[in-house]
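Remarks on the overall topology
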Amino acid sequence: SAHEPENVTCGDVLTIYAEEYAPSVAAPERIGYAMDALLPFWADLKLTHVKGETCRRYGILRARAPATIRRELGTLQAAMNYAHREGYVTAAPLVTLPEAPEGKERWLTRNEAAKLVWAAYRGQKTPYLARFILIAIYTGTRKDAILRMSFEPNTLGGWFDLDNGIMFRRGSEERVTNKRRTPAPIPRQLKAHLTRWQRLGSKWAVDYQGGRVGDIKRSFNKARQEAGMPEVTPHTLKHTAITWALQNGATVWDCAGYFATSVETIQKVYGHHATDFMQSALGAVERKRS
């Protein structure tokens with residue numbers, strides 16, 4: 001029948017997924033980006049062509065990081081599953097994903113962090129970048145969320161409630177996404193900075209001449225080159241925040257809550273930084289048998 005996998009193209013299921021399902025998600029543009037990447041290769045292939053060999057060929061032709069390929073093929077899988085669930089196709093084949101990359105390990109030492117902040121301050125046109133770096137290192141908040149933080153409740157993003165010492169990472173109107181952004185207490189050192197910036201008349205936490213900074217790509221690039229750390233990205237700052245917290249004795253559980261990151265991720269990517277890493281197992285192994 002027309003609904004058999006050999007009669008339905010990947011382009012069909014991707015289109016159905018984009019039209020019917022994407023509008024209901026919090027970040028439909030993510031599905032859009034994946035579609036742009038997938039369609040040139042998969043559009044005319046039938047669902048029966050989805051197997052290990054074609055998935056690997058797609059990966060080679062795309063020539064992107066394994067994590068990117070995984071995300072894109074994940075969207076193809078989701079589209080096929082959706083089409084199957086909704087009765088457009090009688091079966092959904094399985095995509096073959098490239099190996100998951102090991103958790104990225106780069107984090108900054110205190111020295112390196114100071115160097116990066118200093119490089120940002122030195123470029124006097126970009127003191128706002130130093131603000132961004134400080135907020136990221138103290139709170140481990142993601143880049144786009146930081147750039148939407150202000151000192152008053154706002155519909156665009158979160159805000160710093162300095163009276164009560166609480167940071168709300170999400171705005172009142174924003175959809176809850178799977179990138180969790182839970183409220184958290186503001187660390188003492190950061191609160192001192194924030195209070196000073198607010199006194200200077202800033203409305204936004206990362207503020208440039210009274211306006212909100214929408215993008216830090218160029219200024220961040222310049223600062224990391226100047227600090228001699230070309231491999232550091234804004235996400236490195238989140239890694240740094242979590243790593244420092246664990247090294248200072250925070251539990252994996254508390255880190256998950258404070259940094260709005262799942263316990264699984266923290267254990268997988270950062271677990272070995274925890275001061276009690278494997279201690280209970282080691283204790284059990286070393287204990288004398290009575």
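Calculation criteria
- Residues numbered from 1 in each chain as written.
- Predicted model: local features only at pLDDT ≥ 70, side-chain atom pairs only at ≥ 80, totals over all residues.
- Heavy atoms only, no water.
- Helix = DSSP H or I, 4+ residues; strand = E, 2+ residues; numbered from the N terminus.
- Buried < 20%, exposed > 50% of the residue type's maximum accessible area, 1.4 Å probe, protein only.
- Contact = heavy atoms within 4.5 Å.
- Areas by Shrake-Rupley, 256 points an atom, 1.4 Å probe, with all protein chains shown as cover.
- Phe/Tyr/Trp six-rings, centres within 6.5 Å; stacked < 30°, edge-to-face > 60°.
- Lys NZ or Arg CZ within 6 Å of the ring centre and 35° of its normal.
- Axes fitted to C-alpha atoms, helices over the stretch in contact; angles between N-to-C directions.
- Parallel < 35°, antiparallel > 145°, perpendicular 65-115°, else oblique.
- Nonpolar A, V, L, I, M, F, W, Y, C, P; charged D, E, K, R; others polar.
- Polar contact = N/O pair within 3.5 Å; in protein donor to acceptor, adjacent residues only side chain to side chain.
- Core = buried A, V, L, I, M, F, W, Y, C linked by side-chain atoms within 4.5 Å.
- Salt bridge = Lys/Arg side-chain N within 4 Å of Asp/Glu carboxyl O.

Of regular secondary structure, the protein possesses 13 helices and 5 strands. In the protein, buried positions account for 44% of the 290 residues. Taking the intrachain contacts of the protein between residues at least 6 apart in sequence as the baseline, contacts between residues at least 24 apart amount to 63%. Of the roughly 16,300 Å² of accessible surface on the protein, a fraction of 53% belongs to carbon and sulfur atoms.

A few words now on the packing of aromatic side chains. Summed over all chains, the structure comprises 10 aromatic pairs. The interplanar angle of 45° and the centroid separation of 5.9 Å between the aromatic rings of Trp-42 and Tyr-58 together place this pair among those described as tilted. Of this pair, Trp-42 sits in helix H2 (residues 28–42) while Tyr-58 sits in helix H3 (residues 52–62), and the two are 16 residues apart along the sequence. Of the residues examined, Trp-42 reaches a relative accessible area of 0% and is grouped as buried. A relative accessible area of 1% places Tyr-58 in the buried class. Pairwise contacts between aromatic rings join Tyr-17, Tyr-21 and Tyr-82 into one cluster. When the ring centre of Trp-204 is taken as reference, the NZ or CZ atom of Arg-212 above it lies at 5.9 Å.

Running from amino to carboxyl end, helix H1 (residues 10–21) crosses helix H4 (residues 66–85) at an angle of 80°, the nearest separation of the two axes being 8 Å. Taken together, the axes of H1 and H4 lie roughly perpendicular to each other. Judged by residue contacts, Cys-10, Val-13, Leu-14, Ile-16, Tyr-17, Glu-20 and Tyr-21 of H1 engage Thr-75, Leu-76, Ala-78, Ala-79, Met-80, Tyr-82 and Ala-83 from H4. Split by residue class, the contact of H1 with H4 holds 12 nonpolar, 1 polar and 1 charged.

With respect to the helices and strands, the residue Arg-212 is situated in strand S5 (residues 211–212). C-alpha of Arg-212 to C-alpha of Arg-148: the two residues are 64 residues apart in sequence and 7.7 Å apart in space. Filtering out sequence-adjacent residues up to four positions away, Arg-212 remains in contact with Leu-147, Arg-148, Leu-156, Trp-204 and Val-206. Here Leu-147 takes part through its backbone oxygen, which lies 2.8 Å from a polar atom of the side chain of Arg-212.

A few words on the nonpolar core. With 52 residues, the main nonpolar core has Leu-116, Ile-133 and Phe-160 as its most contacted residues. The set of elements that each furnish at least two residues to this core consists of helix H5 (110–122), helix H6 (127–139), helix H8 (188–199), helix H9 (217–226), helix H10 (234–247), helix H11 (252–258) and helix H12 (263–270). Ranked by residues supplied to this core, first place goes to H6 with 9 residues. Excluding residues within four positions of it along the chain, Phe-160 makes contact with Ile-135, Met-149, Ser-150, Phe-151, Ile-166, Met-167, Ile-186, Leu-190, Leu-194 and Ala-205. Counting residues in hydrophobic clusters, the runner-up holds 29 residues, among them Ile-69, Leu-76, Ala-79 and Val-89.

Moving on, we get to the pattern of salt bridges. Tallied over the full model, the rule gives 6 salt bridges. The salt bridge partner of Arg-122 is Glu-226, with a shortest N-O separation of 3.0 Å. Within this pair, whereas Arg-122 is found in helix H5, its partner Glu-226 is found in helix H9, the two being separated by 104 residues in sequence. For Arg-122, a relative accessible area of 42% translates into the label partly exposed. A salt bridge links Asp-144 to Arg-142; the nearest nitrogen and oxygen atoms lie 3.5 Å apart. Salt bridges here are not isolated pairs; linked through shared partners, they connect Arg-106, Glu-112 and Glu-231.

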